[in-house]
Amino acid sequence: MTAPSANQDFPPPKILTHPSTSPPTLITQGAEGRLYKTTHLLPTLPCALKYRPPKPYRHPALDARLTRARISAEAKVLERCWREGVPVPAVYAMDAARGWLAMEWIEGVPVRVGINNFLGEGEETQTKGEGELVDLMKRIGEAVGKLHRTGVVHGDLTTSNMMLRPRSGTQVNGESEATGRDDRVKVLEGEVVLIDFGLATQSMSDEDRAVDLYVLERAFASTHPRAERLFGAILDEYKTTFKKAPSVLAKLEDVRMRGRKRSMLG
Amino acid sequence: MDITKKRRRIALGCEGSANKLGVGVILHEGDLSDPSSCTSTVLSNVRHTFVSPPGTGFLPKDTAHHHRSWFVRVAQQALTDAGLSPHEIDCICYTRGPGMGAPLTSVAIAARTLALLWNKPLVGVNHCVGHIEMGRAITGASHPVVLYVSGGNTQVIAYAEQRYRIFGETLDIAVGNCLDRFARALEISNDPAPGYNIEQLAKKGGRVLLDLPYAVKGMDCSFSGILTRVEELAAQMKAGQGKGPDGEPYTAADLCFSLQETVFAMLVEITERAMAHVGSSQVLIVGGVGCNERLQEMMGAMAADRGGSVYATDERFCIDNGIMIAHAGLLAYETGFETPIEESTCTQRFRTDEVLVKWRK
Ligand SMILES: Nc1ncnc2c1ncn2[C@@H]1O[C@H](COP(=O)(O)OP(=O)(O)O)[C@@H](O)[C@H]1O
Ligand SMILES: [Mg+2]
């Protein structure tokens, strides 16, 4: 096995110690799980293996219950989304009791990284390339609209849980100079793919959908304070994609109000 | 004299946003143009708590009355402990909010009176920012994800671009409120605090983990469903009908244990999600629920798993107090911030991210 350091620090699930598996690379220790890159069936088919190790802090009974429920819910919801044309990774295999799920490997970077690369460190980004940012917002709104249309709420919509997959064939050529675009703008190109459905549920309720949007809105405000004012573009495109959006957006107003009221006590 | 030129700066802080009345005095020393030379010293930290009888919560009117009756004694004690006379103080800080209206107002009036009496500038402070800054000062956590858990608030916070930004929070009631109301259902004593007594009782439970609704949505969470369920279970137990998953009757201690294990697991989970999201491995726990040792232990295990560590303070600083208001107020005052008497109001709603944190880079 390679990646010895990863193996020492983080024992991988049994499946990844099989001699037939391609050497896994630990990509990230996410919020709850560890994500490995390996292959599935063919050595040429890259695959993302998400493993939820037991949580030492949690009561074992609660831990087992949550892990099992989340892996199966994630697989079930991914399958449903995939069938209905929502941009998500395809499910390859899973074992809920052992806490792992194998799925399609999505190329590219999380949207959070894309936006941060684009905005850079400086304060000067008021107008530069704002069009491209708005365009990305629209693609996010469209993806979320499709998701809700399917009867699924994500439960953890943040810019870490969306990937920006480069469209095949988009190469950086000199020709882009004519439109004044530079590499910074290129970082926002690609298809928005939703990932991390560990907290997703099947729901058609306006309330659940509104909370989903509220979580995303607040994630934007806290993670990308400088892009926050463009959040409206997400909602606009959401409306275009999803017929029932108006009642969800009305509910979103309620959810926001509750948010403001909540700060009443110290 | 210009405060930014002084090497010794002293503030008195007054807190009374809920049922604790606190007055504290802090000393900042060092050259403000060189932050590494600056230190903070607690000169005094006096508190008096309004305790309501078992089965009841504290009402705004009674709490305000408590604060009014105790303010002079508590403030005098704080000055005596600090060994200071009023003329040595640079500013008077008070909690502007968030909190309960009547108690906030009673302490704001008292603070205003001191400011006029001693001819000192007044500084209004956000209660949550007070908790965060005091936690940072005591523990030395430089850039932590902050879990703020109290009777009125449940927030996961991280600093970015001059504000404490709220990444996650409760979608309904605060975790402390959930614990307090559960204590009322079982008529657990409010002395010294309902949460403390639940913690002690929980140590005797744990034969079974009762199934409670686990409600996490991203970095947000919800406690009202759990409260409803645990109140039902308490009622069943009182009626002699409560049976655990193993068919045996469960006890009040089992209920306390199950409630703690469930709600704390939720808090640790949303904190971990925020840490992954912002890429930090430090956690700071502040607020009254933060002195719960089981919560600290669980948080510590999670942080260790991520190669980081947990920072927490004991009840002197976790539970609402005047010193944190003095400290955060003085930090703001040192950047030139002041609250004119005419504007020295208070507000029940005052979000953590409304404050411009000028004293941090
Ligand atoms: N299918 C995938 N293909 C490529 N990278 C992925 C895939 N799924 C997740 N990742 C990467 O791993 C990180 C963590 O995965 P995620 O499913 O969000 O787990 P967690 O619940 O731990 O947040 C993501 O932010 C992303 O960078
Ligand atoms: Mg994630």
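Source: prediction; values computed, not measured. For every chain, the first residue of its written sequence is number 1, and the numbers climb from 1 along that sequence. A letter from A marks each chain and a number from 1 marks each ligand, given out in the order of writing. Totals for whole chains, interfaces and linings use every residue, but because this is a predicted model, local features are given only for residues with pLDDT of at least 70 and side-chain atom pairs only at 80 or more, for both listing and counting. Here the side-chain values reflect all heavy atoms present in the structure, with hydrogen atoms and water set aside.

Trainee: Provide a residue-level description of the coordination of the magnesium ion (ligand 2), including the pertinent values.
Mentor: Binding of the magnesium ion (ligand 2) to the protein goes through Asn161(A) (OD1) and Asp196(A) (OD), at separations of 2.1 to 2.2 Å. Linking Asn161(A) in the loop between β7 (152-153) and β8 (162-165) with Asp196(A) in the loop between β9 (191-194) and β10 (201-202), this pair joins segments that are 35 residues apart in sequence. Shown as donors are all N, O and S atoms within 2.8 Å of a metal ion, widened to 3.2 Å for Na, K and Ca; because water is not in the atom set, sites may appear incomplete. A run of H or I in DSSP becomes a helix once it reaches four residues, and a run of E becomes a strand once it reaches two; helices and strands are each numbered from the N terminus.

Trainee: Go over the site of ligand 1 with me, naming the residues and quoting the values.
Mentor: Residue and element names in this part refer to chain A. Distances are taken per atom, and a residue is near a molecule or strand as soon as one of its heavy atoms is within 4 Å of it. Around ligand 1, the surrounding shell holds 19 residues, and the nearest of these are Ala31, Lys50, Glu104, Ile106 and Asp196. Measuring from an oxygen atom of ligand 1, one finds a side-chain N or O atom of Lys50 at 2.9 Å. Polar contacts, as counted here, are pairs of nitrogen or oxygen atoms within 3.5 Å of one another; within protein the pair requires one atom able to donate a hydrogen and one able to accept it, and residues that are adjacent in sequence qualify only if both atoms are side-chain atoms. Contact distances for ligand 1 include 2.8 Å between a nitrogen atom and a backbone N or O atom of Ile106. Note that accessible areas follow from Shrake-Rupley with a 1.4 Å probe, and for residues the cover is restricted to the protein chains shown. Relative to its unbound accessible area of 550 Å², ligand 1 is 92% covered by the protein chains.

Trainee: Can you lay out the UniProt feature "binding site: a divalent metal cation" (unreviewed entry) in chain B for me, pointing to particular residues and giving the numbers?
Mentor: Residues and elements named next belong to chain B. UniProt positions are given in the numbering used here, feature names are shortened, and annotations may be inferred rather than shown by experiment. Taken from the UniProt record, the annotation "binding site: a divalent metal cation" (unreviewed entry) applies to His127, His131, Tyr148 and Asp320. Of the residues just listed, which span 194 residues, no C-alpha pair is farther apart than 11.9 Å, and they cluster in one region. Narrowing the list just given to those that line the largest pocket leaves Asp320. Apart from residues lying up to four places away in sequence, His131 is in contact with Tyr148, Val286, Gly287, Phe317, Cys318, Ile319, Asp320 and Met324. When you line up the elements, Tyr148 lands in strand β6 (residues 145-149). Overall, Tyr148 belongs to the buried group, its relative accessible area being 0%. A 1.4 Å probe that fits into a set of points on a 1 Å grid over the protein atoms alone but cannot get out defines a cavity; an open set with protein on both sides within 12 Å along at least five of seven lines defines a pocket, and lining residues are those with an atom within 4 Å of a point. Between two residues, a contact is recorded if the distance between any of their heavy atoms is within 4.5 Å. Only protein chains enter the accessibility calculation, which uses a 1.4 Å probe; a residue is then buried when its area is under 20% of its type maximum, exposed when over 50%, and partly exposed in between.

Trainee: For the UniProt feature "domain: Gcp-like" (unreviewed entry) in chain B, give the residues involved together with the corresponding values.
Mentor: The feature "domain: Gcp-like" (unreviewed entry), as annotated in UniProt, sits at residues 45-326 of chain B in this numbering. Segment residues 45-326 of chain B splits into 49% helix and 17% strand. End C-alpha atoms: 10 Å apart.

Trainee: Go over the layout of surface pockets, please, and point to the residues and values.
Mentor: All names here are of chain B. Grid points are joined across faces, edges and corners, and a volume is the space filled by probe spheres set on the points. Quantified by volume, the largest pocket comes out at close to 1,100 Å³. Surrounding the largest pocket, 46 residues form its lining, Asn19, Lys20, Asp180, Ala193 and Pro194 being those nearest its centre. Elements with a minimum of two residues in the lining of the largest pocket: β3 (39-49), α4 (175-185), α5 (194-202), α8 (293-305) and α9 (315-318).

Trainee: Run through the interface of chain B and chain A, naming residues and quoting values.
Mentor: Opposite the 46 residues of chain B that make contact, chain A presents 40 residues. In this description, buried area is defined as the sum, over both parts, of the accessible area (probe of 1.4 Å) that is lost when the two are combined. Of all residues in chain B, His277(B), Asp305(B) and Arg349(B) give up the largest surface area on contact with chain A, accounting jointly for 16% of the area buried on that side. A side-chain nitrogen of Lys or Arg and a carboxyl oxygen of Asp or Glu constitute a salt bridge if their distance falls within 4 Å. Here chain B is connected to chain A by eight salt bridges. Its salt-bridge partner being Glu161(B), residue Arg226(A) comes within 3.5 Å of it at the nearest N-O pair.

Trainee: How would you sum up the environment of Thr170(B)? Please name residues and give values.
Mentor: All names here are of chain B. Its location among the elements puts Thr170 in the loop between β8 (163-169) and α4. On the accessibility criterion, Thr170 (4% relative accessible area) is buried. Placed 67 residues apart in sequence, Thr170 and Met237 show a C-alpha to C-alpha distance of 28 Å. A distance of 3.1 Å separates the side chain of Thr170 from the backbone nitrogen of Asp172, its partner in a polar contact.

Trainee: Explain the pattern of salt bridges residue by residue, including any values.
Mentor: For the structure on display, the rule yields 36 salt bridges over all chains. In this structure, Arg9(B) and Glu334(B) form a salt bridge, with 2.7 Å as the shortest nitrogen-oxygen distance. With a gap of 325 residues between them, Arg9(B) in strand β1 (residues 8-15) and Glu334(B) in the segment after α10 (322-333) connect regions that are remote in the sequence. Both residues of the pair, Arg9(B) and Glu334(B), belong to the buried class. A single network of salt bridges, built from pairs that share partners, joins Arg58(A), Asp63(A), Arg70(A), Asp156(A), Glu269(B) and Arg273(B).

Trainee: An account of the domain arrangement of chain A is requested, with residue identities and associated values reported.
Mentor: All names here are of chain A. Partitioning chain A into structural domains gives domain 1 (14-104) and domain 2 (109-257). Counting from both sides, the interface comprises 17 residues of domain 1 and, opposite them, 18 residues of domain 2. Between domain 1 and domain 2, the buried area comes to about 1,400 Å², and carbon and sulfur atoms account for 59% of it. When the buried area of domain 1 at its contact with domain 2 is split by residue, Val77, Arg80 and Pro87 rank highest and sum to 38% of it. Along the contact surface separating domain 1 from domain 2 lie two salt bridges. Linking Glu104 and Arg165 is a salt bridge whose minimum nitrogen-to-oxygen distance equals 3.3 Å. Across the domain 1-domain 2 interface, the total number found is six residue pairs in polar contact (both at pLDDT 80 or more). In terms of residues, the side of domain 1 that touches domain 2 owes the most to one element, helix α2 (residues 60-83), which gives eight residues. As annotated, the domain borders come from an automatic or database domain assignment.

Trainee: Please provide a residue-by-residue account of the nonpolar core, values included.
Mentor: Throughout this description, the term nonpolar core refers to a set of buried Ala, Val, Leu, Ile, Met, Phe, Trp, Tyr and Cys residues connected via side-chain atoms within 4.5 Å. Formed by 57 residues in total, the largest nonpolar core has its most connected members in Phe182(B), Phe223(B), Leu255(B), Leu259(B), Leu267(B) and Leu295(B). Broken down by element, the residue count for this core peaks at 13 residues, all from helix α7 (residues 252-278) of chain B. Look past the residues within four positions of Leu267(B) in its chain and what remains in contact with it is Leu147(B), Val149(B), Thr154(B), Val175(B), Phe223(B), Leu295(B) and Met299(B). Membership of the second largest hydrophobic core comes to 53 residues, among which are Ile71(A), Ala96(A), Leu101(A) and Val211(A).

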